[in-house]
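Chain residues, written in single-letter form:
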Amino acid sequence: MRVVLQRAGTARVLVEGQVVGELGRPGLVALVAITHDDTEQIVQRMAEKTCSLRIFEGELSASDLAAPILVVSQFTLYAETRKGRRPSWSAAAPGATSEPLVAAYARALTRLGAEVSSGVFGAHMQVELVNDGPVTILLDSADWGG
């Protein structure tokens, strides 16, 4: 599982010109990708990491500030670009696997006390945000080891 976290002053997701998710106040945008061997346990751990990272001013976390989180599925985080000019998406899990795990991530964030909004899985989305800092962090469950 990969999550790109961006600390944002404002953010919103549009589908066909309609806002489907947004931050009502400063918070985090979480761009989320699922790979083939991801599980509910990995999703839970990633949600905990998302909420607890001390990346806000004063070394505070999203949990400390009750900061909202905007979750956007983005399979392209698993692009393989080593060969040629056309990315391969083979490391990204198919939608039937990814969609429930992205939803589980959003639910886990909610259970941890976050106010969560999200994009629409599989839709063509426009994501608008003002990155605060800028602060952008890549979380990858592959880095956690066994």
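Placed above this text is the structure.
Here we take up the overall build of the protein chain. Helices and strands together make up the secondary structure of the protein chain, namely 3 helices and 6 strands. Reading the protein chain from its N terminus to its C terminus gives the helix and strand order β-β-β-α-α-β-α-β-β. Here the protein chain has a C-alpha radius of gyration of 15 Å; the compact-globule value for 146 residues is 15 Å, and the two agree. Projecting the C-alpha coordinates of the protein chain onto the three principal axes gives extents of approximately 40 × 40 × 25 Å.

The α-helix advances 3.6 residues per turn, and as a result positions three or four apart in sequence lie on the same side. End to end, helix 1 (residues 40-52) covers 18 Å across 13 residues, agreeing with the expected 18 Å (1.5 Å per residue, within 8%). Of all the residues in helix 1, the buried ones are Val43, Met46, Ala47, Thr50 and Cys51. Buried residues in helix 1, looked at end-on, bunch into an arc of 130°, giving them a common side. Residues of helix 1 that are buried in the fold lie against strand 1 (2-15), strand 3 (27-33), helix 2 (62-65), strand 4 (69-73), helix 3 (95-111) and strand 6 (126-140).

Here the focus is the environment of Arg7. Within the fold, Arg7 resides in strand 1. Relative accessible area serves as the criterion here: at 6%, Arg7 is assigned to the buried category. For the pair Arg7 and Arg45, spaced 38 residues apart in sequence, the C-alpha to C-alpha distance is 20 Å. For Arg7, the contacting residues outside a window of four places in its chain are Gly27, Leu28, Ile55, Phe56, Glu57, Val130, Asn131, Asp132, Gly133 and Val135. One polar contact links the side chain of Arg7 to the main-chain carbonyl oxygen of Ile55, over a distance of 2.6 Å.

Turning our eyes to something else, we now look at the packing of aromatic side chains. Under the criterion given, the structure shown has 1 aromatic pair. Centroid distance Phe75 to Trp89: 5.3 Å. Interplanar angle 75°. Geometry classified as edge-to-face. Taken together, the residues Phe75 in the loop between strand 4 and helix 3 and Trp89 in the loop between strand 4 and helix 3 connect sequence positions 14 residues apart. According to the relative accessible area criterion, Phe75 is partly exposed, its value standing at 46%. Here Trp89 falls in the partly exposed class, since its relative accessible area comes to 36%. Taking the ring centre of Trp144 as reference, the NZ or CZ of Arg45 above it sits at 4.1 Å.

What counts and how
Per chain, the residues get numbers from 1 upward, laid out in the order the sequence is written. Restriction of local features to residues with pLDDT of at least 70 applies here, the model being predicted, together with a cutoff of 80 or more for giving and counting side-chain atom pairs; totals for whole chains, interfaces and linings are based on all residues. Side-chain measures here rest on the full set of heavy atoms in the structure, leaving out hydrogens and waters. For helices the rule is a DSSP run of H or I covering at least 4 residues; for strands it is a run of E covering at least 2, with both sets numbered from the N terminus onward. We compute the radius of gyration over the C-alpha atoms and compare it with the globule rule, which gives 2.2 Å times the number of residues raised to the power 0.38. The span one expects for a helix is its residue count, reduced by one, times 1.5 Å. Only protein chains enter the area calculation, which uses a 1.4 Å probe; residues under 20% of their type maximum are buried, those over 50% are exposed, and those in between are partly exposed. The arc in question is the one traced by the directions running from the helix axis out to the C-beta atoms. Here, two residues are considered to be in contact whenever any of their heavy atoms come within 4.5 Å of each other. Under this definition, polar contacts are N or O atom pairs within 3.5 Å; protein pairs additionally need one hydrogen-donor-capable and one acceptor-capable atom, and for neighbouring residues in sequence, both atoms have to be side-chain atoms. For Phe, Tyr and Trp, rings pair up if their centres lie within 6.5 Å, where Trp contributes its six-membered ring, and each pair is then called stacked (planes under 30 degrees apart), edge-to-face (over 60) or tilted (otherwise). Charge over a ring is defined by NZ of Lys or CZ of Arg lying within 6 Å of the ring centre and within 35 degrees of the ring normal.

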